[in-house]
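Observations on the model geometry
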Amino acid sequence: MGFKSAVRAGGWTLVFWALGVGLLACGGAGSGDLPCDAACEASDEACRMAACSGAPEESVRAQVDCSALPAGGRCLGPRVVERCHDGQLSREDCAASDACVESESGGGARCEAGAACVESTSRCSATGALERCSAGRWLEEPCEAGCVAEGSRGWCGEPGRTLSGFARYERRLPDAAFHDWTSETEWVPARGFLVASFQGGSLIDLGVTDGVGRFTVRLPKEVGPEDLVVVYAAGQGKKGTVDYAVADPGLSGAQTLPVTPGASARLWSWARPTRALLESPVVAIGESEGSGAAAVFEAVSAAWNSTRERYGRTGLPVVAWLGFGTTWSCGACFAPWQVTAAGRRWGAQLWLPGDADAAWWSEAMVLHELGHWAMASHGTSPSEGGPHYVGVPTFPGQAWSEGWATWFSSDTRGNPRYYDRQGGTMFWLDLETRSPELASWSRPRPEDGLLQPIEENEVAAMLYRLGTGTPSRQAMYEALAAPSMNLAPWARGYRKHTWRMVEGKQVDVVETADSAPCLADFLDSLMCKGYPRALMDAATEPTVAYPYPSHAPLCR
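Residues numbered from 1 in each chain as written. Predicted model: local features only at pLDDT ≥ 70, side-chain atom pairs only at ≥ 80, totals over all residues. Heavy atoms only, no water.

A short note on the overall build of the chain
Scanning the chain from N- to C-terminus turns up nine helices and 38 strands. Counting all 556 residues of the chain, 53% fall into the buried class. A total of about 22900 Å² of accessible surface is found on the chain, and carbon and sulfur atoms cover 51% of it. (Helix = DSSP H or I, 4+ residues; strand = E, 2+ residues; numbered from the N terminus. Buried < 20%, exposed > 50% of the residue type's maximum accessible area, 1.4 Å probe, protein only. Areas by Shrake-Rupley, 256 points an atom, 1.4 Å probe, with all protein chains shown as cover.)

Written out as structure tokens, the structure is:
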């Protein structure tokens, strides 16, 4: 589930490790008539595709009764508009800064520019009600004292003395050629960070930074020399509970997983004297203070909130471990292992390297690991482990897991380019153009079937085409969480493998008796929920690449 690099004779390669932790067709074959491809040989995919290309697409019809939808559509969560056109369901994703809004006059739903909110922020509405951002949308809260706007927040009643300010941090991006990190840093807003006000050691108030890094917190009437304002790389899944965070593991040097965090493990935080902020209300987190941890938190927050908006529920409470000077035997990786550390019980962990590569600046890499978290939270991982190489096909379970993670990173960032730095070298690949920088791109072959070894980035590239083929990627997320993707045995019959890698080759391969999901099962899940056949075939290219039979998905 993570990356580790190795320099091998003959060129740069990347080694990956994964941490192991009755059917009927939905197409023409299920109605009692002869299948549309009955005259074709089973191995002749071109014949089967041609024979079935004119068949009625009953399997791709929307599984929602459009008569139940309002005439102008409705909001499916905070970021998806759902409508009916000519009796067929259509969905549209709102842009990152927008949100779905339903008209109070019954005029339907639309994406409203700038309507997105940051989790746990509050405001006073136009009618004077207290509202709080929850799961990506503004919800009214009871408030008998009346809402009072002060600073960047809405308060129930007069808040008393407050401090308003900004939090920002210093970060680096890839240079224009994607050969290294930029030599110059830039300052960016710290969005969605918890901000606490303390009098001595007592908590006075807890707020959160908004989309431009603004915060407002209540202060004691008299501010003393020991009073502090502290910015935390942490977020709340529900009010009063920290459910995702970046933490220092309290360990140093090379560590072999599994490992227990040190006694000094703590959430990354940055404190400033309250008196100093009253004079200059800016918390500026520099690179020397560990702003890399702030950059990691932005990625963790993006993954947490985007999946909550997609699924309507939270994922596993997760902590990302980053210690500068601390490395892990897995490189960078994820596992749904519970641990009690840094003040709470976590349901999952990420380990990120703190070495000279400064890979904490790679939002793409961090979100890849969080793609595994999303699968563990809302789907089922194949749990197929073993090393493998970029550009080299691997077993279907591992390819599915890693390919989903890379696609999730791309989708969350809105960018098809993946990048990372390992072993002193930066590399990149582009899912849209299938352009890798440091390795050849391996394509599947139709004659090798659905369960052939496949390169994980090819899986990610197919998912990218599926996601960009329609105005909404909601179906992709729903397919991952569908019962058919979470109930063993899986329809396509793939079974998990174990192996070792010797000089870039898989040896000691063992096929176990354990059923595991793979890409073909996911594509079935999509098709059985109504994904268009033409778009599926455009993504998989069954006659020249991956031979997925879109005319005959296995549905249950």
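After that view of the structure, there is still more to cover.
Examining unusual backbone geometry
In this structure, the amide linkage connecting Leu-257 to the following residue, Pro-258, adopts the cis form with an omega of 0 degrees. For Pro-258, the position within the fold is in the loop between strand 22 (253-255) and strand 23 (266-267). In this model, Ala-488 is joined to Pro-489 through a cis peptide bond whose omega is 0 degrees. Assignment of secondary structure puts Pro-489 in the loop between helix 7 (474-481) and strand 36 (495-502). Positive phi, normally seen in glycine, also occurs at Ser-120, with a value near 80 degrees. For Ser-120, the location among the structural elements is in the loop between strand 8 (109-112) and strand 9 (122-124). Judged by its relative accessible area of 18%, Ser-120 is buried. Of note, the phi angle at Ser-383 is positive, near 55 degrees, even though the residue is not glycine. Inspection of the secondary structure assignment puts Ser-383 in the loop between helix 4 (363-378) and strand 32 (388-389).

Focus on the packing of aromatic side chains
If you walk through the whole model with that rule in mind, you get 21 aromatic pairs. Summarising the aromatic geometry, the rings of Phe-178 and Tyr-419 are spaced 5.7 Å apart at their centres and angled 65 degrees between planes, so their arrangement reads as edge-to-face. Of the two residues, Phe-178 sits in the loop between strand 14 (162-171) and strand 15 (186-189) while Tyr-419 sits in strand 33 (residues 417-422), which places them 241 residues apart along the sequence. On the accessibility criterion, Phe-178 (17% relative accessible area) is buried. With a centroid separation of 6.1 Å and 80 degrees between ring planes, the pair formed by Tyr-311 and Tyr-477 is classed as edge-to-face. Taken as a pair, Tyr-311 in helix 3 (residues 291-311) and Tyr-477 in helix 7 lie far apart in primary sequence, 166 residues in all. For Tyr-311, a relative accessible area of 13% gives the class buried. Overall, Tyr-477 belongs to the buried group, its relative accessible area being 3%. Lying across the ring of Trp-155, Arg-153 places its NZ or CZ 3.9 Å from the centre. (Phe/Tyr/Trp six-rings, centres within 6.5 Å; stacked < 30°, edge-to-face > 60°. Lys NZ or Arg CZ within 6 Å of the ring centre and 35° of its normal.)

A short note on the nonpolar core
Val-246, Leu-370, Trp-400, Trp-404, Leu-463 and Phe-522 are the most contacted members of the largest nonpolar core, which totals 98 residues. Element by element, the count of residues in this core is highest for helix 3, at 10 residues. Ignoring anything within four residues of it in the chain, the contact list for Trp-404 reads Gly-371, Ala-374, Met-375, Leu-463, Met-476, Tyr-477, Leu-480 and Phe-522. In this structure, Trp-321, Cys-333, Trp-346 and Trp-351 belong to the second largest nonpolar core, which totals 17 residues. (Core = buried A, V, L, I, M, F, W, Y, C linked by side-chain atoms within 4.5 Å. Contact = heavy atoms within 4.5 Å.)

Some remarks on the sheet that holds strand 35 (residues 435-436)
Taken in spatial order, the three strands line up as 33-34-35 in an open sheet, and their pairing is antiparallel. Edge strands, defined here as strands with exactly one partner in the open sheet, are strand 33 and strand 35. Pairing between strand 34 (residues 425-430) and strand 35: two bridges, direction antiparallel. What sits directly across from Leu-429, in strand 35, is Pro-436. (Pairing = 2+ DSSP bridges.)

Concerning the state of the cysteines
The bond known as a disulfide is covalent and runs between the sulfur atoms of two cysteines. One pass over the structure, following the stated rule, counts seven disulfides. Note that Cys-143 is cross-linked by a disulfide to Cys-156, the S-S spacing being 2.2 Å. On the S-S bond that ties Cys-143 to Cys-156, the torsion sits near 105 degrees, and the link is right-handed. Of the two residues, Cys-143 is situated in the loop between strand 11 (137-141) and strand 12 (147-150) and Cys-156 in strand 13 (residues 153-156); the sequence distance between them amounts to 13 residues. By relative accessible area, which is 41% here, Cys-156 ends up partly exposed. (Disulfide = S-S within 2.5 Å.)

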